[in-house]
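Listed below, chain by chain, are the residues.
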Amino acid sequence: MAAIAPSGVRIGCRLIREGDEAHLLPGEAHSIPARQPGMRRSSGAARWIAHGLLAELGVGDVAILRMPSGAPVWPEGIMGSLAHDDDMAVAAGAPVGDIASLGIDVEPAQPLPDDILALVTTPADRTDAADRHLAGRILFAAKEAVYKAVYPLDREVLGYEDITVDLNAGCATTKTGRKARLAYCVAPRVVVLAFVEKDRG
């Protein structure tokens, strides 16, 4: 997984385990609404990874609270993203610098059901370079990751039809004109990292 990340971005994963909800710091536990134990366990696993990434960046003992929108709140000077499926949690983090924002998503390495694929795909999407069995799943994860990366910058709600993904070129463009770079792996899970480079203009 580390191989898919651009320079300066740290990325980690963890199989979700019984008891992972105990990794939530008190403030984190309070910010996450009372929900089914499985969701709290997943959030705990993702934040456990994120705390490790923050420690590598020299930031310790900081709670990653959950905003009402569901987005995590990162310490000043740090950007990051969390995600999980039923079995695995992932996190990515980086100091604010050449990259303006990032987003990550994780999905099972299985074909995307046809009904969901129909909702996600647009005629402009390009997936020829991807494994044909997993192309739809990668596309889905890419659009989720791109949304996470661009929402903090534009504060605009986007649907799948508002994000055009070109897996051949490793990039995506939103209807607002925002461009993101993509990196992904497909084993043992489909993980897509989207990042927006800082405008040097």
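To start, this report covers the structure provided alongside it.

1. Describing the overall build of the protein
Line of reasoning, step 1. Check the secondary structure of the protein and you find four helices and eight strands.
Line of reasoning, step 2. Over its C-alpha trace the protein gives a radius of gyration of 16 Å, about what one expects of a compact globule, namely 17 Å for 201 residues.
Line of reasoning, step 3. In terms of overall dimensions, the protein has a C-alpha envelope of 45 × 40 × 30 Å along the principal axes.
Line of reasoning, step 4. For the protein, restricting intrachain contacts to residue pairs at least 6 apart in sequence, the fraction spanning at least 24 positions comes to 57%.
Line of reasoning, step 5. Surface summary for the protein: the accessible area is close to 10,000 Å², and the carbon and sulfur share equals 53%.
Line of reasoning, step 6. Both charge centroids of the protein, one from 21 positive and one from 26 negative side chains, sit 2 Å from each other.

2. Overview of the layout of surface pockets
Line of reasoning, step 1. Space inside the largest pocket adds up to approximately 1,000 Å³.
Line of reasoning, step 2. Going through the elements one at a time, α2 (37–56), β2 (78–84), β4 (99–108) and α4 (135–154) are the ones with two or more residues in the lining of the largest pocket.
Line of reasoning, step 3. It is β4 that contributes the most residues to the lining of the largest pocket, eight residues altogether.
Line of reasoning, step 4. For the lining of the largest pocket, the class distribution of residues is 23 nonpolar, nine polar and 10 charged.

Basis of the calculations
- Residues numbered from 1 in each chain as written.
- Predicted model: local features only at pLDDT ≥ 70, side-chain atom pairs only at ≥ 80, totals over all residues.
- Heavy atoms only, no water.
- Helix = DSSP H or I, 4+ residues; strand = E, 2+ residues; numbered from the N terminus.
- Rg over C-alpha atoms; globule rule 2.2 N^0.38 Å.
- Contact = heavy atoms within 4.5 Å.
- Areas by Shrake-Rupley, 256 points an atom, 1.4 Å probe, with all protein chains shown as cover.
- Lys, Arg positive; Asp, Glu negative; His and termini not counted.
- Charge placed at Lys NZ, Arg CZ, Asp CG, Glu CD.
- 1 Å grid on protein atoms, 1.4 Å probe; cavity = no way out; pocket = protein on both sides within 12 Å on 5 of 7 lines; lining within 4 Å.
- Points joined across faces, edges and corners; volume = space filled by probe spheres on them.
- Nonpolar A, V, L, I, M, F, W, Y, C, P; charged D, E, K, R; others polar.

Any link to function would need more than the numbers given here.
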